[in-house]
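# Observations on chain architecture
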Amino acid sequence: MKYYSLNYNSQDVSFLDAVRKGLAPDRGLYFPKEIPKLPKDFFNNINSFSNQEIAFKVIQPFVGKDIPEDRLKKIIQDTLSFEFPIVPITETVATLELFQGPTLAFKDVGARFMARSLAYANEVKKNEKLTILVATSGDTGGAVADGFYKVEGIDVVILYPKGKVSKIQEKQLTTLGENITAIEVDGTFDDCQDMVKSAFIDGDLIRNISLTSANSINIARWLSQMFYYFIAYKNRIHPNKKLAISVPSGNFGNICAGLVAKKMGLPVDQFIASTNINDTVPDYLDSGTYSPKKSKPTLSNAMDVGDPSNFIRIQKLFNNDIFKLKKILSGYHYTDSQTKKAIKEIHEISGYIADPHGAVGYLGLKQFLQDSTEVYQGLFLETAHPIKFIDTVESTLKTTVPFPERIKGILDRKKSSVSIHSYEQLKTFLLER
Ligand SMILES: *Cc1c(COP(=O)(O)O)cnc(C)c1O
């Protein structure tokens, strides 16, 4: 499989080269030359396969010969070492929990798959040490830190805004040590993001260190998110009903992976892009005009994105035909007060405790089911554990969220970070390590 740049001004590359580079040299996103179709048989017999077997069949054509089959199987085994349960909310609505991984966010799967693919690339290519530089508003940093922890040949440097991530998130970033360095920036998430962008175009840095990113533009992170949709299909509760899946969306990497899965033949009938007030895509689906906006802060902060970087991939999948796209993709957007009401409503009808992102997904699904004349089984993705948004959830429900066993003890670990307040300090740190 080859990948080309969506700016059409770089050479085609193989899977591992695209993973190492992140962005193409012309700053375009990589996109696969073709989307392979899986045989009907595979879907008819999907119940007889384990999650790992399904993931292997799905991703292998995208990896091609770059990773030997045995090694790819091992990578998948390590990546999918936890469950993806479906929990019923009403007769026709259920949630697919994607937060059972080590950092309690759905980003764990992408980060783990990418880390292990890069580790293999380093072994065979004996490349110079790679430094991964990421900015985080909370969730990405933890998943990347955990996914890359102790991976040979890779250093990870994570920038986060001082005082603007939750206690748990900060501990996830700052307590691992080894090859993971947390940099606490006296500023906002946008400041962190700007510093990362400056580093990638800084000649002094590029000449001295191999820098890459680990956000959802990286094909290893993006494509491995397809696994969720195949697993959801396998475990769906009403196999005879049409299936609609609502995805709480920010940068649109996750839902784009779902749309690739559909293109491969996965029988999902409808996708719903559910957003907070950062509604660039729902607005585009309504008006036909794509107008990026400045991001606005909300309770579902992992979706505070005003110009989703993966949307260009979605447009490519549908050859920029908005009419084709609208047949499969609906979009809805919600305010914080609607989100809190939804957290309450879900709890009242089922006892289930949703996080603000899942609640937005629930609202989009509910709206779609109401607007539709046909009967669907509806699934909304739960992308984070409610404990990560404990303040919002507990004040909304007036109840305590149980602390998950697997992160007990994290609050007692000792924080270690480097404090900076300017890009020059970041540059000096990177050059002098
Ligand atoms: C990253 C994230 C999202 C948004 O996913 P995209 O792929 O960027 O659309 C939604 N919910 C949570 C909890 C996240 O961390």
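In case you missed it, the structure is sitting above this.
Definitions and cut-offs
- Residues numbered from 1 in each chain as written.
- Predicted model: local features only at pLDDT ≥ 70, side-chain atom pairs only at ≥ 80, totals over all residues.
- Heavy atoms only, no water.
- Pairing = 2+ DSSP bridges.
- Helix = DSSP H or I, 4+ residues; strand = E, 2+ residues; numbered from the N terminus.
- Axes fitted to C-alpha atoms, helices over the stretch in contact; angles between N-to-C directions.
- Contact = heavy atoms within 4.5 Å.
- Near = heavy atom within 4 Å.
- Polar contact = N/O pair within 3.5 Å; in protein donor to acceptor, adjacent residues only side chain to side chain.
- Areas by Shrake-Rupley, 256 points an atom, 1.4 Å probe, with all protein chains shown as cover.
- Core = buried A, V, L, I, M, F, W, Y, C linked by side-chain atoms within 4.5 Å.
- Buried < 20%, exposed > 50% of the residue type's maximum accessible area, 1.4 Å probe, protein only.
- Salt bridge = Lys/Arg side-chain N within 4 Å of Asp/Glu carboxyl O.
- Patch = residues over 30% accessible without salt bridge, like charges linked within 9 Å, V, L, I, M, F, W, Y side chains within 5 Å.
- Lys, Arg positive; Asp, Glu negative; His and termini not counted.
- Charge placed at Lys NZ, Arg CZ, Asp CG, Glu CD.
- Phe/Tyr/Trp six-rings, centres within 6.5 Å; stacked < 30°, edge-to-face > 60°.
- Lys NZ or Arg CZ within 6 Å of the ring centre and 35° of its normal.
- Left-handed = near helix turned anticlockwise from the far one by under 90°.
- Nonpolar A, V, L, I, M, F, W, Y, C, P; charged D, E, K, R; others polar.

### Some details on the sheet that holds strand β11 (residues 270-275)
- Strands sit in the order β4-β5-β13-β10-β11-β12 across an open sheet of six strands; the sheet is mixed. Both outer strands of the open sheet, β4 (86-88) and β12 (329-333), are each paired with one neighbouring strand and no more. Across the sheet, the mean angle from the axis of one strand to that of its neighbour is 25 degrees, orientation sign disregarded.
- Two strands pair when backbone bridges link them, and β4 and strand β5 (residues 93-97) are joined in this way by three bridges, in the antiparallel orientation. Paired with Pro-88 across the two strands is Ala-94, which belongs to β5.
- Each of β10 (242-248), β11, β12 and β13 (376-382) is contacted by helix α12 (residues 253-263), which is oriented at about 175 degrees to β11, the strand it contacts most.

### Some words on the site of the ligand
- Of all residues adjacent to the ligand, which total 15 residues, the nearest are Lys-107, Asp-139, Gly-250, Asn-251 and Thr-383.
- Gly-250 places a polar main-chain atom, nitrogen or oxygen, 2.8 Å from an oxygen atom of the ligand.
- The contact in question runs from an oxygen atom of the ligand to an N or O atom on the backbone of Gly-253, over 3.2 Å.
- A total of 390 Å² of accessible area belongs to the ligand in isolation, and the protein chains cover 97% of it.

### Section: the nonpolar core
- Ranked by size, the top nonpolar core spans 102 residues in total, and within it Phe-15, Phe-148, Met-226, Phe-230 and Phe-271 carry the most contacts.
- Ile-346, Ala-354, Leu-365 and Ala-384 belong to the second-largest nonpolar core, a separate cluster that totals 33 residues.

### Some details on the pattern of salt bridges
- Applying the stated rule across the entire model yields 17 salt bridges.
- Put simply, Asp-12 and Lys-33 hold a salt bridge, and the shortest N to O gap is 2.9 Å. Of this pair, Asp-12 sits in the loop between β1 (2-5) and β2 (13-14) while Lys-33 sits in the loop between β3 (30-32) and α2 (40-44), placing them 21 residues apart in sequence.
- Overall, the relative accessible area of 49% leaves Lys-33 in the partly exposed class.
- Salt-bridge contacts for Asp-78 lead to Lys-74; the nearest nitrogen and oxygen are separated by 3.0 Å.

### A closer look at a positive patch on the surface
- Among the surface-exposed residues, Lys-37, Lys-40, Lys-263, Lys-324 and Lys-327 lie close enough to one another that they form a single positively charged patch.
- Exposure remark for Lys-327: the relative accessible area of 65% places this residue in the exposed category.

### Regarding unusual backbone geometry
- The phi angle at Tyr-8 is positive, at roughly 55 degrees, despite the residue not being glycine.
- Looking at where Tyr-8 falls in the secondary structure, it is placed in the loop between β1 and β2.
- Given a relative accessible area of 54%, Tyr-8 falls into the exposed group.
- Phi at Phe-252 is positive, roughly 65 degrees, even though this residue is not glycine.
- Position of Phe-252 relative to the elements: it lies in the loop between β10 and α12.

### Here we look at the packing of aromatic side chains
- Applying the stated rule across the entire model yields 21 aromatic pairs.
- With centroids separated by 6.0 Å and ring planes inclined at 90 degrees, the aromatic side chains of Phe-113 and Phe-227 adopt a geometry described as edge-to-face. In this pair, Phe-113 sits in helix α5 (residues 107-125) while Phe-227 sits in helix α11 (residues 226-234), placing the two residues 114 residues apart along the sequence. The same class applies to Phe-113 as to Phe-227, namely buried.
- A network of ring pairs unites the aromatic residues Phe-82, Phe-84, Phe-106, Tyr-228, Tyr-229 and Phe-271 as a single cluster.
- Looking at Lys-263, its charged tip hangs above the ring of Phe-318, at a distance of 5.8 Å from the centre.

### Looking at the pairing of β1
- As paired elements, β1 and β2 share two bridges and run antiparallel to each other. Bridging across to β2, Tyr-3 finds its partner in Val-13.
- Two strands pair when backbone bridges link them, and β1 and β3 are joined in this way by three bridges, in the antiparallel orientation. Bridging across to β3, Ser-5 finds its partner in Tyr-30.

### Notes on the packing of helix α4 (residues 69-79) against α5
- Across the interface, α4 lies against α5 with an axial gap of 9 Å and an inter-helix angle of 145 degrees. The way α4 lies across α5 gives a crossing that is right-handed. Between α4 and α5, the contacting residues are Arg-71, Leu-72, Ile-75, Ile-76, Asp-78 and Thr-79 on the first element and Val-109, Arg-112, Phe-113, Arg-116, Ser-117, Tyr-120 and Glu-123 on the second.
- Per-class residue counts for the contact of α4 with α5 are six nonpolar, two polar and five charged.

What is shown is where atoms sit, not what they do.
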